[in-house]
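# Architecture at a glance
Listed below are the residues making up each chain.
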Amino acid sequence: MVAAKEFIVAIELGSSKMTGIAGQKNLDGSINVLAVVKESSSSFIRKGVVYNIDKTAQCLTSIIKKLENQLKTEITQVYVGVGGQSIRSVRNIITKDLPSETIVTQDMVIELMDANRSMTYQDQEILDAAVQEYKVGSQLQLDPVGIQATRLEGNFLNILERKAFYKNLNKCFETAGIRVAEMYLAPLALADSVLTEAEKRSGCVLVDLGADTTTVSVYSKNILRHLAVIPLGGNNITKDIATLQMEESDAERMKLKYASAFTDNNDIDNDLKYSIDTERQIESRKFIEIVEGRLEEIVENVWFQVPSEYYDKLLGGIILTGGGSNMKNIEQAFTNHTHVEKIRVAKFVTQTILSNNEDIKSHNGMMNTVLGLLVKGDINCAGDGVDPNGDLFSTKKEPSAPAADSRQPRQASEIPQGVIRTESEKKAADEEKRRQQEEEERIKREEEEAERERIAAERRENSFWNKAIKGIKKFGKSMIEEE
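The structure reproduced in this document is the subject of the present report. The structure displayed is predicted, hence computed values, not measured ones.

Turning next to unusual backbone geometry. Backbone phi values are negative for most residues with the exception of glycine, while trans is the configuration of most peptide bonds. Residue asparagine 222 is not a glycine yet carries a positive backbone phi of 65 degrees. For asparagine 222, the location among the structural elements is in the loop between β14 (214-220) and β15 (223-230). A relative accessible area of 38% means that asparagine 222 is categorised as partly exposed. With phi around 50 degrees, histidine 363 is a residue other than glycine that occupies positive phi space. Along the chain, histidine 363 turns up in the loop between α10 (358-361) and α11 (368-376). Residue class for histidine 363 comes out partly exposed when judged on its relative accessible area of 37%.

As structure tokens, then:
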């Protein structure tokens, strides 16, 4: 392979695997996958959340080095997906009273967005704010600019994460010396890659069935209406099977081989037994009851997350993805518990992905999130060439902060939907905002000083003594002229 000069690198920090992927975008919109690296992450990432910063940083460094070796090119920056158990959405309303017959301007809308972003939640960080709609008078509008009103109301969906987890994630990349090109909300990147425009518009629920967590995203009229992460996933089913006195590795193998999300009672053979190994067996009915019991709990928790006002607005149905969506009869299980007939399993992203990698070619939904992140990338991540014959781990990077971004610091209202500012970008934006405020205050002080001097000069001009002196001068001048 010749050293690649242009490519995008994306990293997904999953609960069971951390995945790094590099791809080259073609003019027709398709993507050539150049390299894929996977590492086990179960010992330092739990339920999508980083718990051990040093081990996570070591794993990130290992993935980058292995990708660089395959690409024969240095990686200068990466795109990162943010997800995990602590992410949830909260609705918020900001209102602004206006003088009569005021025309709503873009600045007024930005002011509302900034006021929403300034909201504080105990121990929570606002990662993103999805605009729901604006209320102008009694009318709901997606774009209120240009409309006359006496009151403007902004409806927002704030997506939160625990501050500690957000800081841990940033610290991992800082410790590894890896620059972050952009952080994306992983569920939004996934939705943009597996949902159709018709599904988002007509209303749907996207369910990402992962190893440790299940993520639920509700869309209606092309807008994200609700987001939640449930701390239940495929590993919970595995652990339940392991209670039948077997190792978790055997339980996982049996789940993949025998598990079904739904089995009709009449189809259960009471005499049938499943083999654990060459010596042991378990009754199929007991196995089926355990799997279905846990899966029913997951489905019920998913449906509980859907706001009731959208129950009759899900014309796009329920879309399932992730590793758990491969379970046999999963569509039937969801229909039984939600009574939604329209169920689709998204085995792959909607974009054209060209690859020889078996994990990608298998189209099992497990690579959809990292591919969605790869699609989002638009900044070249390639640097200088590297020696593929060198020791992968000989040149360990010194821990350092990510390099300064070439972009200007962006304020909250300038951030695209789904993008999360890194901690360094937030600090830069805050510094830029502080600098602008100081400059505005300086200009204001100068204007006030100039105005004071103008008033003082005007007063001097109109004072009694000033007028008297002017009169004497005028009289003296006239006397000289007469002589």
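What follows deals with helix α7 (residues 248-258). Every buried residue of α7 is accounted for by Asp250, Ala251, Met254 and Lys255. Buried residues of α7 fall within an arc of 140 degrees about the axis and therefore sit on the same side. Of the exposed residues in α7, those oriented more than 90 degrees away from the buried face are Ser249, Leu256 and Lys257. Elements that come into contact with the buried residues of α7 comprise α6 (234-242), β16 (273-275), β17 (281-283) and α8 (284-305).

A word on the sheet that holds strand β12 (residues 180-185). Read across the open sheet, the seven strands follow the order β20-β3-β2-β1-β7-β12-β22; overall the sheet is mixed. Only two strands of the sheet have a single partner each, and these edge strands are β20 (353-354) and β22 (419-420). Where strand β1 (residues 8-13) and strand β7 (residues 78-82) come together, three bridges link them in parallel fashion. Residue pairing across strands places alanine 10 opposite tyrosine 79, the latter belonging to β7. Its contacts with the sheet put helix α1 (residues 53-71) on β1, β2 (17-25), β3 (31-40) and β7, and the angle it makes with β3 is roughly 145 degrees.

This brings us to the packing of aromatic side chains. Applying the stated criterion across every chain, the model contains seven aromatic pairs. Plain terms: the ring middles of tyrosine 274 and phenylalanine 287 are 5.3 Å apart, the flat faces sit at 90 degrees to each other, and that makes the pair edge-to-face. In this pair, tyrosine 274 sits in strand β16 while phenylalanine 287 sits in helix α8, placing the two residues 13 residues apart along the sequence. Accessibility expressed as a relative area gives 13% for tyrosine 274, which makes it buried. Here a set of aromatic residues connected by ring pairs shows up, and it is made of Tyr258, Tyr274 and Phe287. If you follow arginine 46 out to its NZ or CZ, it ends over the ring of tyrosine 51, 4.1 Å from the centre.

Turning our attention to the packing of α1 against helix α3 (residues 163-176). Packing of α1 against α3 brings their axes to within 8 Å, and their N-to-C directions diverge by 55 degrees. The angle between α1 and α3 falls in the class oblique. Regarding α1 and α3, the two cross each other, and that crossing is right-handed. Two secondary-structure elements touch here, α1 through Ile53, Asp54, Thr56, Ala57, Leu60 and Thr61 and α3 through Asn168, Lys171, Cys172, Phe173, Thr175 and Ala176. Partitioned by chemical class, the residues of the contact of α1 with α3 number six nonpolar, four polar and two charged.

Reading the values: the criteria
- Residues numbered from 1 in each chain as written.
- Predicted model: local features only at pLDDT ≥ 70, side-chain atom pairs only at ≥ 80, totals over all residues.
- Heavy atoms only, no water.
- Helix = DSSP H or I, 4+ residues; strand = E, 2+ residues; numbered from the N terminus.
- Buried < 20%, exposed > 50% of the residue type's maximum accessible area, 1.4 Å probe, protein only.
- Arc of directions from axis to C-beta.
- Contact = heavy atoms within 4.5 Å.
- Pairing = 2+ DSSP bridges.
- Axes fitted to C-alpha atoms, helices over the stretch in contact; angles between N-to-C directions.
- Phe/Tyr/Trp six-rings, centres within 6.5 Å; stacked < 30°, edge-to-face > 60°.
- Lys NZ or Arg CZ within 6 Å of the ring centre and 35° of its normal.
- Parallel < 35°, antiparallel > 145°, perpendicular 65-115°, else oblique.
- Left-handed = near helix turned anticlockwise from the far one by under 90°.
- Nonpolar A, V, L, I, M, F, W, Y, C, P; charged D, E, K, R; others polar.

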